[in-house]
Amino acid sequence: DTGVSQNPRHKITKRGQNVTFRCDPISEHNRLYWYRQTLGQGPEFLTYFQNEAQLEKSRLLSDRFSAERPKGSFSTLEIQRTEQGDSAMYLCASSLGTRDYTFGSGTRLTVV
Amino acid sequence: GESVGLHLPTLSVQEGDNSIINCAYSNSASDYFIWYKQESGKGPQFIIDIRSNMDKRQGQRVTVLLNKTVKHLSLQIAATQPGDSAVYFCAENLQAGTALIFGKGTTLSVSS
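This one's a predicted model, so the numbers in the text were calculated from it and none came from an experiment.

Draft legend 1. Representation of the side chain of S75 of chain A. Residue and element names in this part refer to chain A. Mapped onto the elements, S75 comes out in strand 8 (residues 75-79). The class of S75 is buried, set by a relative accessible area of 0%. At a separation of 2.7 Å, a polar atom in the side chain of S75 contacts the main-chain carbonyl oxygen of E68. When neighbours within four sequence positions are excluded, S75 is seen to be in contact with F21, R22, C23, L32, W34, F49, E68 and R69.

The following block contains the structure:
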């Protein structure tokens, strides 16, 4: 297993466009998390799934953001009508229950 | 909301010195803590964790100390090496395996 995989690594988009990121967790991990990190700050929690169920969403997750994990394996994070303030690193993490909380390398989004 | 914070934004040490990175947390109900290392362009990398029923845990060259009385967490790195240069974050959560709350990070610089 190669760890948590995120694609793409970098994304540049024009303001107002929609973008979608993908996360492939460690295969046996049942929990999957999305975080956002801006320069100089620690990651901020967005949402998490246990298997295919989305169990918690942060108030940071506005209605332009949606996350899915349809089969309890990979997950997608979509941002609609992107704004410059959405520019950040989007990190995915996974865990097996309470253990092995592992992050991917992230997708860096730049909105121009 | 409540969050963890780090005492110093930067720490500079000489190779071979011992490093101590500190973190103060505010939520006395937090029961799980993790230290992460983050290098430029990469996701946070797990270093060591500790649960609230412990006050010390040791790993390879690293030790985490938890003082629940004053809500303080520290990471000690023995014989610091240039490869230890990175940003270090402490993170907490109320229940292991759910959302982590990160502080702003301490940048450790190790000179040869």
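Draft legend 2. The state of the cysteines, seen in detail. The tally for this structure, following the rule as stated, stands at 2 disulfides over all chains. Across the disulfide, C23 of chain A is cross-linked to C92 of chain A (sulfur-sulfur distance 1.9 Å). Around the S-S axis, the bridge from C23 of chain A to C92 of chain A shows a dihedral of about -70° and counts as left-handed. Taken as a pair, C23 of chain A in strand 3 (residues 19-24) and C92 of chain A in strand 9 (residues 88-96) lie far apart in primary sequence, 69 residues in all. Given the relative accessible area of 0%, C23 of chain A is considered buried. Between the sulfur atoms of C23 of chain B and its disulfide partner C90 of chain B the distance amounts to 1.9 Å. Between C23 of chain B and C90 of chain B the disulfide shows an S-S torsion of about 55°. By sign, it is right-handed. Linking C23 of chain B in strand 3 (residues 19-24) with C90 of chain B in strand 9 (residues 86-93), this pair joins segments that are 67 residues apart in sequence. Summarising the burial analysis for this pair, C23 of chain B and C90 of chain B share the class buried.

Draft legend 3. Broad picture of the interface of chain A and chain B. With 20 residues of chain A at the interface, the matching set in chain B holds 20 residues. Here chain A packs against chain B, burying approximately 1400 Å² in sum over the two surfaces, 53% of which is carbon and sulfur. Of all residues in chain A, the largest losses of buried area upon contact with chain B belong to T98, Y101 and F103 of chain A, amounting jointly to 35% of the total for that side. At the junction of chain A with chain B, the criterion picks out 0 salt bridges. Linking chain A with chain B are 5 residue pairs in polar contact (both at pLDDT 80 or more), by the criterion used here. Within the residue set of the side of chain A that touches chain B, elements represented by two or more residues are strand 4 (31-37), strand 5 (44-50) and strand 10 (99-103) of chain A. The element contributing the most residues to the side of chain A that touches chain B is strand 4 of chain A, with 4 residues.

Draft legend 4. How the structure looks around the side chain of D84 of chain B. Along the chain, D84 of chain B turns up in the loop between strand 8 (72-77) and strand 9. Side chain to side chain, D84 of chain B and R61 of chain B meet in a polar contact 2.9 Å long.

Draft legend 5. Representation of the pattern of salt bridges within the structure. On inspection of all chains with the given rule, the structure shows 7 salt bridges over all chains. The shortest N-O distance in the salt bridge between R99 of chain A and D100 of chain A comes to 3.8 Å. One salt bridge in this structure joins R57 of chain B and D49 of chain B, with 2.3 Å as the shortest N-O distance. Using a relative accessible area of 35% as the deciding quantity, one classes R57 of chain B as partly exposed. On the basis of relative accessibility, which here comes to 15%, the residue D49 of chain B falls in the buried class.

Draft legend 6. Spatial organisation of unusual backbone geometry. Here N7 of chain A and P8 of chain A are connected by a cis peptide whose omega angle stands at -10°. If you trace the backbone, P8 of chain A turns up in the loop between strand 1 (5-7) and strand 2 (10-13). Even without being a glycine, R61 of chain B presents a positive backbone phi close to 65°. Here R61 of chain B shows up in the loop between strand 6 (56-58) and strand 7 (62-67). With relative accessibility at 30%, the residue R61 of chain B sits in the partly exposed group.

So, how was this worked out
- Residues numbered from 1 in each chain as written.
- Chains lettered and ligands numbered in written order.
- Predicted model: local features only at pLDDT ≥ 70, side-chain atom pairs only at ≥ 80, totals over all residues.
- Heavy atoms only, no water.
- Helix = DSSP H or I, 4+ residues; strand = E, 2+ residues; numbered from the N terminus.
- Buried < 20%, exposed > 50% of the residue type's maximum accessible area, 1.4 Å probe, protein only.
- Polar contact = N/O pair within 3.5 Å; in protein donor to acceptor, adjacent residues only side chain to side chain.
- Contact = heavy atoms within 4.5 Å.
- Disulfide = S-S within 2.5 Å.
- Buried area = accessible area lost by both parts, 1.4 Å probe.
- Salt bridge = Lys/Arg side-chain N within 4 Å of Asp/Glu carboxyl O.

Honestly, that's just the spatial picture; any functional story needs more than this.
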